[in-house]
Each structure stands twice: as structure tokens, then as C-alpha cells.
Amino acid sequence: MEYKEMMMAYSCAIKEVRTRYPPTVSNIEMCLNDIAGVRVICSYVDDIYRIRSRLYRG
């Protein structure tokens, strides 16, 4: 997916969220599941699991 397509998909998703749920604190706490993503590129499979365990420790 190219950058322009991703931005269009993102803007559509934001519009969907804003029209479905009014932006109140209670709606954010109940409905928001994901606010950011992380992409990690590793040379070794073991590194992937090591990074995952450190992120989940949070």
C-alpha cells in the first residue's frame, strides 16, 4: 500500500470513529483499542520474541 492510499484509509477511519462515537472520556476508555502501531524489522527470529516480551512488560 502506498503512502497516499494509507493516508486516505487513515482519514476514512478517523471520520468513522468521530461519527460513531462522540469524543468523551468515557467513550475513549471504552472504545479505543489502538492508538499507534510499531513496526520492527529484525535479522533474527529470536530478536522478534525478545522485543515483543520487552514491549509487553510495560
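We now turn to the structure provided with this report.

Definitions and cut-offs
Throughout this document, residue positions are counted from 1 along each chain, in the order its sequence is written. Only residues with pLDDT of at least 70 are given local features in this predicted model, and only at 80 or more are side-chain atom pairs given and counted; all residues enter the totals for whole chains, interfaces and linings. Based on all heavy atoms of the structure, the side-chain values leave hydrogens and waters out of the count. Elements are defined by DSSP. Helices are runs of H or I of four residues or more, strands are runs of E of two residues or more, and each kind is numbered from the N terminus. Here the term buried applies to any residue with accessible area under 20% of the maximum for its type, exposed to any over 50%, and partly exposed to those in between, with areas from a 1.4 Å probe on protein chains only. For the area figures, the Shrake-Rupley method with a 1.4 Å probe applies, and any residue is considered shielded solely by the protein chains shown. Any pair of residues with heavy atoms lying within 4.5 Å of one another is described as a contacting pair. Here the term patch refers to residues with relative accessible area over 30% and no salt bridge, with like charges joined within 9 Å and nonpolar side chains (Val, Leu, Ile, Met, Phe, Trp, Tyr) within 5 Å. Each reported salt bridge corresponds to a side-chain nitrogen of Lys or Arg within 4 Å of a carboxyl oxygen of Asp or Glu.

This part takes up the overall build of the protein chain. Check the secondary structure of the protein chain and you find three helices and zero strands. Counting from the amino terminus, the protein chain carries its helices and strands in the arrangement α-α-α. In the protein chain, which comprises 58 residues, the proportion classed as buried is 2%. Total accessible area computed for the protein chain in this model is approximately 6,200 Å², and 58% of it derives from carbon and sulfur atoms.

To continue, consider the environment of Cys42. Mapped onto the elements of the fold, Cys42 is located in the loop between α2 (25-31) and α3 (45-57). Here Cys42 falls in the partly exposed class, since its relative accessible area comes to 25%. Every residue in contact with Cys42, bar those within four places of it in the chain, is listed here: Asp47, Ile48 and Ile51.

Bringing a nonpolar patch on the surface into the picture now. Nonpolar side chains collect at one region of the surface, where Val38, Val40, Ile51 and Leu55 lie side by side and expose about 360 Å² of accessible area between them. Tracing the backbone shows Val38 in the loop between α2 and α3.

On to the pattern of salt bridges, then. Tallying each qualifying case throughout the model produces one salt bridge. As a salt-bridge pair, Arg50 and Asp47 come within 2.9 Å of each other at their nearest N and O atoms. With Arg50 and Asp47 both in helix α3, this residue pair falls three residues apart, about one helical turn. By relative accessible area, which is 42% here, Arg50 ends up partly exposed. For Asp47, a relative accessible area of 23% gives the class partly exposed.

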